[in-house]
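Reading the structure
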There are 8 protein chains.
Amino acid sequence: MEIRQILEDIKNGRKSLEEAEKELKNLPYEDLGYAKLDHHRSLRSGFPETVFCQGKADEFLPQIYLSLFEKNGEVLGTRASAHQYELIKEQLPMAVYDPISGILKIEKEGKIRKGKVAVCTGGTADIPVAEEAAQTAEFFGCQVDRIYDVGVAGIHRLLSKREQICEANCVIAVAGMEGALGTVIAGLVENPVIAVPTSVGYGASFHGVSALLTMLNSCANGIATVNIDNGYGAGYLAAQMNRLACKE
Amino acid sequence: MEIRQILEDIKNGRKSLEEAEKELKNLPYEDLGYAKLDHHRSLRSGFPETVFCQGKADEFLPQIYLSLFEKNGEVLGTRASAHQYELIKEQLPMAVYDPISGILKIEKEGKIRKGKVAVCTGGTADIPVAEEAAQTAEFFGCQVDRIYDVGVAGIHRLLSKREQICEANCVIAVAGMEGALGTVIAGLVENPVIAVPTSVGYGASFHGVSALLTMLNSCANGIATVNIDNGYGAGYLAAQMNRLACKE
Amino acid sequence: MEIRQILEDIKNGRKSLEEAEKELKNLPYEDLGYAKLDHHRSLRSGFPETVFCQGKADEFLPQIYLSLFEKNGEVLGTRASAHQYELIKEQLPMAVYDPISGILKIEKEGKIRKGKVAVCTGGTADIPVAEEAAQTAEFFGCQVDRIYDVGVAGIHRLLSKREQICEANCVIAVAGMEGALGTVIAGLVENPVIAVPTSVGYGASFHGVSALLTMLNSCANGIATVNIDNGYGAGYLAAQMNRLACKE
Amino acid sequence: MEIRQILEDIKNGRKSLEEAEKELKNLPYEDLGYAKLDHHRSLRSGFPETVFCQGKADEFLPQIYLSLFEKNGEVLGTRASAHQYELIKEQLPMAVYDPISGILKIEKEGKIRKGKVAVCTGGTADIPVAEEAAQTAEFFGCQVDRIYDVGVAGIHRLLSKREQICEANCVIAVAGMEGALGTVIAGLVENPVIAVPTSVGYGASFHGVSALLTMLNSCANGIATVNIDNGYGAGYLAAQMNRLACKE
Amino acid sequence: MEIRQILEDIKNGRKSLEEAEKELKNLPYEDLGYAKLDHHRSLRSGFPETVFCQGKADEFLPQIYLSLFEKNGEVLGTRASAHQYELIKEQLPMAVYDPISGILKIEKEGKIRKGKVAVCTGGTADIPVAEEAAQTAEFFGCQVDRIYDVGVAGIHRLLSKREQICEANCVIAVAGMEGALGTVIAGLVENPVIAVPTSVGYGASFHGVSALLTMLNSCANGIATVNIDNGYGAGYLAAQMNRLACKE
Amino acid sequence: MEIRQILEDIKNGRKSLEEAEKELKNLPYEDLGYAKLDHHRSLRSGFPETVFCQGKADEFLPQIYLSLFEKNGEVLGTRASAHQYELIKEQLPMAVYDPISGILKIEKEGKIRKGKVAVCTGGTADIPVAEEAAQTAEFFGCQVDRIYDVGVAGIHRLLSKREQICEANCVIAVAGMEGALGTVIAGLVENPVIAVPTSVGYGASFHGVSALLTMLNSCANGIATVNIDNGYGAGYLAAQMNRLACKE
Amino acid sequence: MEIRQILEDIKNGRKSLEEAEKELKNLPYEDLGYAKLDHHRSLRSGFPETVFCQGKADEFLPQIYLSLFEKNGEVLGTRASAHQYELIKEQLPMAVYDPISGILKIEKEGKIRKGKVAVCTGGTADIPVAEEAAQTAEFFGCQVDRIYDVGVAGIHRLLSKREQICEANCVIAVAGMEGALGTVIAGLVENPVIAVPTSVGYGASFHGVSALLTMLNSCANGIATVNIDNGYGAGYLAAQMNRLACKE
Amino acid sequence: MEIRQILEDIKNGRKSLEEAEKELKNLPYEDLGYAKLDHHRSLRSGFPETVFCQGKADEFLPQIYLSLFEKNGEVLGTRASAHQYELIKEQLPMAVYDPISGILKIEKEGKIRKGKVAVCTGGTADIPVAEEAAQTAEFFGCQVDRIYDVGVAGIHRLLSKREQICEANCVIAVAGMEGALGTVIAGLVENPVIAVPTSVGYGASFHGVSALLTMLNSCANGIATVNIDNGYGAGYLAAQMNRLACKE
């Protein structure tokens, strides 16, 4: 049950004050004992709370999904395992799972997406992180343009997509190893670039540190960085920026 | 001489094709020998090229300022020393220098600023970096709200400014030491937060690494990070986001 | 053997120079009374010896538990596996095992707990470490107040528990990722905060290093740090501080 | 503004849905009473605000001292330079400066100190940090016992002071290089040990990192760590613990 | 589209200012001839594309091999698993797999190799990386001289092979642990040495970092370094250098 | 080929300038007598070659053991697995395996050991590394005194063994976590201390780095450090030192 | 006095065998007491020994220059200060000093340079290191093409120089900050790229570590890395490769 | 006044018991207030206490020298500045200062040195550290053989000194940059090698860390490592080992 709906129901007399107050009593947060779901989030941020599935105990995860589904009518979970999908499917059979990105979600039908976000990767190994970003941005209402495997060691591949990339309100650049993709893109476009280092690589890539440092030290303007492999964070930021561009 | 002006002058016959071509011949970049000024930047990005003054040789800096001033009618320089100000002032007496932020600029008069960016700091020692960010955003057309010394060790100071911060299209959170400011702010607002770690601190702050890691690992949504002490980068990003929000 | 005696023995020829020199070599250690020292420590610390189970060989662990149980009538073991519980249960069927914290203990019945310690966590993933701390403090005689999932990205959850936290003689703040919980709490309370970084996180959290640095660099007063995931150490310190407060 | 009132206003048409939603956004923060909170903290912490002088601008420092002196009748400043002492002395001639610790203070006369804190150092080079800790603890009302140059490479020096150290409510162990002092002391006493790593050393001491890691990894119970060279933080914590012990 | 044409079109009113500005935005990229560039690169590099097998999905790998085989008549894959060999063998039965180096290749028959490359290792544990280098260089047309287990702790072993090593156009020095092999070789030969650190070792070898630093800091002239365990990169570089030497 | 001969050959025209220059290139290496050098080393080191079993391939290990056994009548292998023991036992049934230290050896009967080496550990978890050291020293002819679990958090345990430790020609101090054992011992004895950091610990012990730094930064005199977990290296050094002391 | 000259003098009877032998007895190295000049180097490597001036004592440097000048008729010194230039100029007035690169040299007149090496930089701040590389390669007989300020954040600047870069036998890519230049170049050319990270940058560039990691982790083929700021090493390697290409 | 002398004077009646006791009352340590001189050291270790001058305050250093001179008849100080030499010379005019090593000492005349220690360096820049080691070993009674500038990049220089090095009871190998000297020497000699990394180098040498790691990871047997630039520690260890070899 969503907040706006509750308010409308009061206005229209479809709901008593007592009922509404009871439903809103958990507004600041709902205390599940082991967890405190922040239902107030969606009011503050405009985006509903999501679930970081990795490491969540089997006994708690379904309850969290159910509670969020009830409040928001949809749920986005990240870093979910196939096993967790099985768990959730029992309770919420409409849940959809993408094993590549680890996204486990129930999404409102007919959601309208507007504003464009481009998601680029240096190589094919960066795609899982890129998909986490892309599907997060889509969940939060963006159109996403996927432009994969355009790493800077073959610069013509990236340049041939230049015009397409320039049309986005925000570009997410996902790259491991030396991670230079973001810098070259930021030199080509006018809108912000969110750089996501990935843990792809070996040896002195130090599980993504090399790419992270590359991105932080970019000599280009207009590039921001998130944590290694943090596709979700990039997708969320992109949705925020895209929303700024789409506001009327 | 700005590009748009050249094109208009051709259209209006105030300028011959030969003259215009000569003026535009350096459009992709102007080769100063030791440097290649990227005049095409302003077409691609909408913002003119700027100058990172630190370490620039005395014999080259004035020429760079002059060349950029001629093309764009204004120049923004960062990390300038008092000595560099003296150098530039001789050639461009209207140059303005702020010793706290190190900003050395010539700005077009009557620039209209629209859209709000908030710049917050954890402590007073973070102000030089915050000012670099604030003045960069202002140069690129934003209104800036300065909210300084609201570190999380006295959380009431930050909370009392909550409504003001929530109004910005983008918030820049500048903090050293443990750098937690960005996380708390990102939990309060709906728009993107750009976190700038500063090298303020001692011992295990490792010249800003502690604050940098805090920001990269933020448990809040909607937070992006730039390099340690990179106020300029944050200001540039904020101006890009603010521009998205102000587009009509 | 005292110096005067040695000197007299030399003078009287009862002792050779070589003998005297050898005796003087032992002089600073002679009067330490090792046995007394050992006994004394056990008396003073006031807390019985505990067992770090992780890595202890199967053939030795039961013997260690039996020996401590015989001496103290109770045993606290940390980082125990389910397999180790099986081993101990055979010998000491009253042993109790908590798989979340890894605490494997036999505790005296009717233990009176006095003085309050608060244990807070940033997220639900920090609970195993928090429970190690909480149960250790309880074993050593504290009342423990658990306040979990109050991370600073949703600061209202923490603020709503402020009064409860302020009542404790000592607060344990357990957090991974960016680890800012301790700083915010230390700004709210008058008593010491023990910060425990956890290895929760990914990428640039570097298995708890990010949280550790945050805590060491806290801009708040009254915050001390222990090793990553060291719930036991925090619980022990809290019990020491609580004992100071409860002394009559 | 409470939820029930908002709901009634909607029902009665006194409030639009948009207004109601905006008010609900502020809900978790509405009743915090910031001013009260601030006042409350200052009351509870029981210790007056102090000044970290290092890096404070000449134009601001005297004003800060004057303001705090007016409010509290005393001021404690740390990491002050001789130059800063000159500045303050002009305004507050009773100010006292200790060049070794960098403490610059005005202290109330006749302050009664109770409860004992012991401050130990490994070598003579650790004394500046130890004095910062000792004088901070004294300023906040502790009696301090200084036991310097008792590093573990000549263990008899430390052992000969054992009884004196055991009498303290809290022991501060200050050491650089390998930093093992805290561990040995924690094995001798019943009360908490606060370990302060110092940047004393060279080569692989990495400006205090070696000592810091030693202290975090201590195999002793009852030892907490603060930032490298953070004598003030240790003194503050010691004063908090000592206050717990001295409460009646 | 050239600048002169754009300017004329403006003058003649055939083009609006907006259109012109947009075209100028594309100007520096317009004449790159991406397709040509791509083709050109493939022609110039002179070496066919290769496959980094590790992490490639089962459904894609055979297709990649088939496609490259069709184009080039041969395929070099690195870091292949035995399982991947089984997959490829089904489609391309002539594929050859070396489990030590992980090389999985189909090579043109009768390839003529010219110019000599020497591959040296410090120990036997470095051989897998050395073989990746050696077989890569062979695939790209070099004769390879393998000189293994000549680490500097028994310097006579290396010195006894000096003349043989001196004959190579390029020497690849593969070593883990302290990684000093490259330095000693570079002091003996006149041609370039490519140093490959390996992750062989334990403790403070930090998975190859120790060897990497040794190589980067070599006090010898004529030594270049590649990533830890990057035998392929060293083999490729050696083939480039050897080709320079063999050009006629 | 000696210089004088080369010069005479030039003078007499028996040798061209080019030939002479080539021969002079080899000059500094010509007279090393590699075979002799090797033989000489083996004679001088006085200790037979040993085997680092970890990672050695099953097909090679038995051959290595057989070859060394034939040459020396005994073999010392370190870091052997139980599986490797099975392999060797088939060929050399008298082989003895110690699963704790991983030592797999065949030792000459009736070996006379002289001179004393003490091996101390901080805790029981350090024993595997200590045994590798102890058994290596024994294999190379030392008497070894094992003094385990005497960590500095209970300093009386170590002090009670002081006289025994002082009798050794060399002391090996094995410790993980904070690794302070070596410093305290070096302050008590007159002979060299070899400190072995172990990877025992968790969190900020960084797999032995904390203990390693402690040992390198020891404020005691007479302490040398080897790699993390390198019991063999410590045992070898101890045997060298002990041999110096036992020479007649 | 050069070796070839000695041999010719013997052949021509201008020098006795005794004289020649005496002169050659110092061949492998000349012992200056404090330093051992390796005159044999030029025979082995084909390039004369050079001088790393930084840190060399005033009393020794002129003697080293004189000795090398006598042997080789030219001297290359790197990292020289203006003060050192004054010292050398007194003895060798023909010495030439370049304050930007720190090169202090005496070069044979009329040296023929053949084969082309390209030296590229990302920014203008990288020029000192680039000049050290360029002048070293020139000293060792290469023609050098300087292509500066073509960093990847404005990729059109680099692309416009593509054909020129492709003509070189070897490309040196000098870059600080994120250091991505080498990767993009290696994707464009057929010959080896030597990447030189510079310490240009701030914050998380960690004095060149970021650029170093970028280069080591390059996803391009044919790229080798040298130490941070090691222009000399890159120039030397380039000269070796160029020599391979120019051999007849 | 030395301990042995005191004992003899008692025996011979030249001194009363009272006088002797007074003189010995400080035997365990002498408390100077700010420092606790450990006079018992010389009994335990056979070597008198020494002074680490760096950072010692001007008001304390002369007193420390005087006190140690009185007890031992000689003093060894390390890392002394020229200014400290001036201070000491006033009180103890026979003090001798070596500005290269920073050794400031008063040494007993006619000291007999026996047993040989070899001190080798990789380059001339390592000599200050080597001299600290050499003069320390000499002070403690060793003959020292200096073999400088024999780095492994010109291996023939080292090999030509092989026999001389093999004669030492212990070899100290001092090297910066890649630090491989110790490994090659340990492969040549039978006695222990003490490796001293120096902070010589730049870039990725990380102030000696590269050399330190090389030494810790040495693939040679019989090599122990001390802290970066710790010449004193190496000299002390060498003297201990040499003493073992010279004992009768």
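The numbers attached to residues start from 1 for each chain and follow its sequence in the written order. Chains carry letters from A onward and ligands carry numbers from 1 onward, assigned in written order. In keeping with the predicted nature of the model, local features appear solely for residues at pLDDT of at least 70, side-chain atom pairs appear and are counted solely at 80 or more, and the whole-chain, interface and lining totals rest on all residues. Processing note: side-chain calculations cover all non-hydrogen atoms of the structure and skip hydrogens and water entirely.

The subject of this paragraph is the overall build of chain A. Runs of E in the DSSP output that reach at least two residues are strands. Runs of H or I that reach at least four are helices, and both are numbered from the N terminus. Within chain A, the secondary structure is distributed over eleven helices and eleven strands. Taking 18 Å as the expected radius of gyration for a compact globule of 248 residues, we find that chain A reaches 20 Å, a close match to that expectation. When the backbone C-alpha atoms are referred to their principal axes, chain A occupies close to 65 × 40 × 30 Å. Each residue's exposure class comes from its accessible area (1.4 Å probe, protein chains only) as a fraction of the maximum for that residue type: buried when under 20%, exposed when over 50%, partly exposed otherwise. Residues counted as buried form 67% of the 248 residues belonging to chain A. Nonlocal contacts in chain A, meaning residues at least 24 apart in sequence, comprise 65% of its contacts between residues at least 6 apart. Here the accessible surface of atoms and residues is derived via Shrake-Rupley with a 1.4 Å probe, and residues count as covered only by protein chains that are part of the display. Of the roughly 8300 Å² of accessible surface on chain A, 51% is carried by carbon and sulfur atoms. The sign given to each residue is positive for Lys and Arg and negative for Asp and Glu; His and the chain ends receive no count. One atom stands in for each charge, and that atom is NZ of Lys, CZ of Arg, CG of Asp or CD of Glu. Between the mean site of the 25 positive side-chain charges and the mean site of the 32 negative ones, chain A shows a separation of 4 Å. Both definitions apply: the radius of gyration is a C-alpha atom measure, and the globule rule equals 2.2 Å times residues to the power 0.38. Contact criterion: two residues are considered in contact whenever any of their non-hydrogen atoms come within 4.5 Å of each other.

Picture the strands of a sheet paired through backbone hydrogen bonds; they go either parallel or antiparallel. Residues and elements named next belong to chain E. Strand pairing follows a simple DSSP-based rule, namely that at least 2 bridges must link the two strands. With mixed pairing, four strands are arranged side by side in an open sheet as 1-2-4-3. In this open sheet, the two strands that pair with only one neighbour each are strand 1 (51-52) and strand 3 (96-98). Pairing analysis gives three bridges linking strand 3 to strand 4 (residues 103-106), with the strands arranged antiparallel. By the bridge assignment for strand 4, Asp-98 is matched with Ile-103.

All right, on to unusual backbone geometry then. A positive phi angle, near 55°, is found at Arg-79 of chain C, a position not held by glycine. With respect to the helices and strands, the residue Arg-79 of chain C is situated in the loop between strand 2 (75-78) and helix 5 (82-91). One non-glycine residue, His-207 of chain G, adopts positive backbone phi at about 55°. Tracing the chain through its elements places His-207 of chain G in the loop between strand 10 (193-197) and helix 10 (209-216).

The next subject is the sheet that holds strand 3 (residues 51-52) of chain H. All names here are of chain H. Here we have four strands laid out as an open sheet, ordered 3-4-6-5, and mixed in their pairing. The sheet is open, and its two edges are formed by strand 3 and strand 5 (96-98), each paired on a single side. Here, axes are lines fitted to C-alpha atoms. For helices the fit covers the stretch in contact, and angles between N-to-C directions go from 0 to 180 degrees. Strands in contact with helix 4 (residues 61-72) are strand 3, strand 4 (75-78) and strand 6 (103-106); relative to strand 4, the strand with the most contacts, it is inclined by about 145°.

The next subject is the environment of Cys-120 of chain G. Examined against the element boundaries, Cys-120 of chain G turns out to sit in strand 7 (residues 116-121). When the C-alpha atoms of Cys-120 of chain G and Asn-221 of chain G are compared, they prove to be 18 Å apart, with 101 residues separating the residues in sequence.

Before going further, it helps to spend a moment on the interface of chain H and chain E. Facing 23 residues of chain H, the contacting portion of chain E comprises 23 residues. A 1.4 Å probe defines the accessible area here, and the buried area is the portion of it lost by two parts on being joined, summed over both. Summed over both partners, the interface of chain H with chain E comes to about 1900 Å²; 71% of that surface belongs to carbon and sulfur atoms. Contact with chain E buries surface across chain H, with Ala-153, Glu-178 and Asn-217 of chain H losing the most and accounting together for 30% of the total. Salt bridges are defined by distance alone: a side-chain nitrogen of Lys or Arg within 4 Å of a carboxyl oxygen of Asp or Glu. Counting across the chain H and chain E interface gives zero salt bridges. Those elements that provide at least two residues to the side of chain H that touches chain E are helix 7 (155-159), helix 9 (181-186) and helix 10 (209-216) of chain H. Basically, the charged four are Asp, Glu, Lys and Arg, the nonpolar ten are Ala, Val, Leu, Ile, Met, Phe, Trp, Tyr, Cys and Pro, and anything else, Gly included, counts as polar. Grouping the constituent residues of the side of chain H that touches chain E by class yields 15 nonpolar, seven polar and one charged.

This part is about the nonpolar core. We define a nonpolar core as any set of buried Ala, Val, Leu, Ile, Met, Phe, Trp, Tyr and Cys residues linked to one another through side-chain atoms lying within 4.5 Å. Val-119, Ile-172 and Ile-194 of chain C, Val-119, Ile-172 and Ile-194 of chain D together with Tyr-65 of chain H are the most contacted members of the largest nonpolar core, which totals 81 residues. Apart from the residues within four sequence positions on either side, Ile-194 of chain D is in contact with Cys-170, Val-171, Ile-172, Ala-173, Ala-224, Val-226, Ala-234, Leu-237, Ala-238 and Met-241 of chain D. Membership of the second largest hydrophobic core comes to 79 residues, among which are Tyr-34 of chain B, Ala-224 of chain E together with Cys-142 and Leu-244 of chain G.

This part takes up the side chain of Thr-183 of chain E. Considering the arrangement of structural elements, one finds Thr-183 of chain E in helix 9 (residues 181-186). Polar contacts, as counted here, are pairs of nitrogen or oxygen atoms within 3.5 Å of one another; within protein the pair requires one atom able to donate a hydrogen and one able to accept it, and residues that are adjacent in sequence qualify only if both atoms are side-chain atoms. Only 2.8 Å separates the side chain of Thr-183 of chain E from the side chain of Glu-178 of chain H, close enough to count as a polar contact. When near neighbours in sequence (up to four residues on either side) are disregarded, Thr-183 of chain E contacts Ser-218, Cys-219, Ala-220 and Ile-223 of chain E together with Val-152, Ala-153 and Glu-178 of chain H.

With that out of the way, let us pick up the interface of chain D and chain C. The partner chain C presents 40 residues to the 40 residues of chain D that form the contact. Carbon and sulfur atoms make up 55% of the area that chain D and chain C hide from each other, which totals about 3800 Å². On the surface where chain D and chain C come into contact, there are zero salt bridges. On inspection of chain D and its partner chain C, the count reaches nine residue pairs in polar contact (both at pLDDT 80 or more). Among the elements that line the side of chain D that touches chain C, the one with the most residues is helix 12 (residues 231-246) of chain D, at eight residues. Across the side of chain D that touches chain C, the residue classes break down as 22 nonpolar, twelve polar and six charged.

Bringing the pairing of strand 4 of chain H into the picture now. Residues and elements named next belong to chain H. Side chains Val-75 and Gly-77 project from strand 4 onto one buried face, and the interleaved Leu-76 and Thr-78 project onto a second face that is buried too. Here strand 3 runs beside strand 4; their pairing, made up of two bridges, is parallel. Across the sheet, Phe-52 pairs through a bridge with Thr-78, a residue of strand 4. Looking down the strands as they point away from you, a crossover is right-handed if its path from the first strand over the helix to the second goes clockwise. Crossover connection from strand 3 via helix 4 to parallel strand 4: handedness right-handed. In terms of strand pairing, strand 4 meets strand 6 through three bridges, oriented antiparallel. Note that in strand 6 the partner of Leu-76 across the bridge is Lys-105.

So, about the relation of the copies chain D and chain C. Superposition of the copies was done by least squares, using only C-alpha atoms of residues whose pLDDT is at least 70 in both. Laying chain D over chain C is done by rotating through 180° and shifting 0.1 Å along the axis; what remains is an RMSD of 0.1 Å. Interpreted geometrically, this transformation is the action of a two-fold axis. With an isologous cut-off of 70% or more, the 100% of interface residues of chain D that recur at the interface of chain C puts this contact in the isologous class.

The next point concerns the packing of aromatic side chains. Note on aromatic contacts: the rings of Phe and Tyr and the six-membered ring of Trp form a pair at centre separations within 6.5 Å, being stacked when their planes are under 30 degrees apart, edge-to-face when over 60 apart, and tilted otherwise. In this structure the tally under the stated criterion is 56 aromatic pairs over all chains. Their ring planes at 15° and their centres at 6.1 Å tell us that Phe-52 of chain G and Tyr-202 of chain H sit as a pair that is stacked. In this pair, Phe-52 of chain G sits in strand 3 (residues 51-52) while Tyr-202 of chain H sits in the loop between strand 10 (193-197) and helix 10, so the two residues belong to two different chains. Three or more aromatic residues joined by ring pairs make a cluster, and in this case those are Phe-47, Phe-139, Phe-140, Tyr-232 and Tyr-236 of chain A. Charges are assigned to positions over rings by a cutoff of 6 Å between ring centre and Lys NZ or Arg CZ, combined with an angular limit of 35 degrees from the ring normal. Cation over ring: Arg-79 of chain D sits above Tyr-202 of chain B, and NZ or CZ is 4.1 Å from the ring centre. Over the ring of Phe-139 of chain D we find Lys-111 of chain D, and its NZ or CZ is 3.9 Å from the ring centre.

In this section: the pairing of strand 10 (residues 193-197) of chain B. Residues and elements named next belong to chain B. The element strand 10 is largely enclosed, with a buried count of five among its five residues. Burial of strand 10 is two-sided: the residues Val-193, Ala-195 and Pro-197 facing one way and the residues Ile-194 and Val-196 facing the other way are all buried. As paired strands, strand 9 (residues 170-175) and strand 10 are joined by five bridges and run parallel to one another. Across the sheet, the residue bridging to Ala-175 is Pro-197, located in strand 10. For the handedness criterion, the β-α-β arrangement of strand 9, helix 9 (residues 181-186) and strand 10 is classed as right-handed. Pairing of strand 10 with strand 11 (residues 223-225), which is carried by three bridges, proceeds in the parallel orientation. Residue pairing across strands places Ile-194 opposite Ala-224, the latter belonging to strand 11. Following the backbone out of strand 10, through helix 10 (residues 209-216) and into the adjacent parallel strand 11, one traces a crossover that is right-handed.

With that settled, consider the domain arrangement of chain A. Residue and element names in this part refer to chain A. An automatic or database domain assignment supplies the residue ranges for each domain. Splitting chain A by domain gives domain 1 (21-106) and domain 2 (114-247). Between domain 1 and domain 2, the residue contacts involve 17 residues of the former and 14 residues of the latter. Carbon and sulfur atoms supply 61% of the area that domain 1 and domain 2 bury against each other, a total of about 1400 Å² over both sides. Among the residues of domain 1 in contact with domain 2, Phe-47, Leu-76 and Arg-79 are the three that bury the most area, contributing 39% of the side total. At the boundary of domain 1 and domain 2, one finds one salt bridge. One salt bridge in this structure joins Glu-132 and Arg-79, with 3.6 Å as the shortest N-O distance.

Turning to the environment of Arg-41 of chain H, a few remarks are in order. Following the sequence through the fold, Arg-41 of chain H ends up in helix 3 (residues 41-45). Looking at Arg-41 of chain H, the relative accessible area reads 10%, which means it is buried. When neighbours within four sequence positions are excluded, Arg-41 of chain H is seen to be in contact with Asn-221 of chain F together with Gly-46, Phe-47, Pro-48, Glu-49 and Tyr-236 of chain H.

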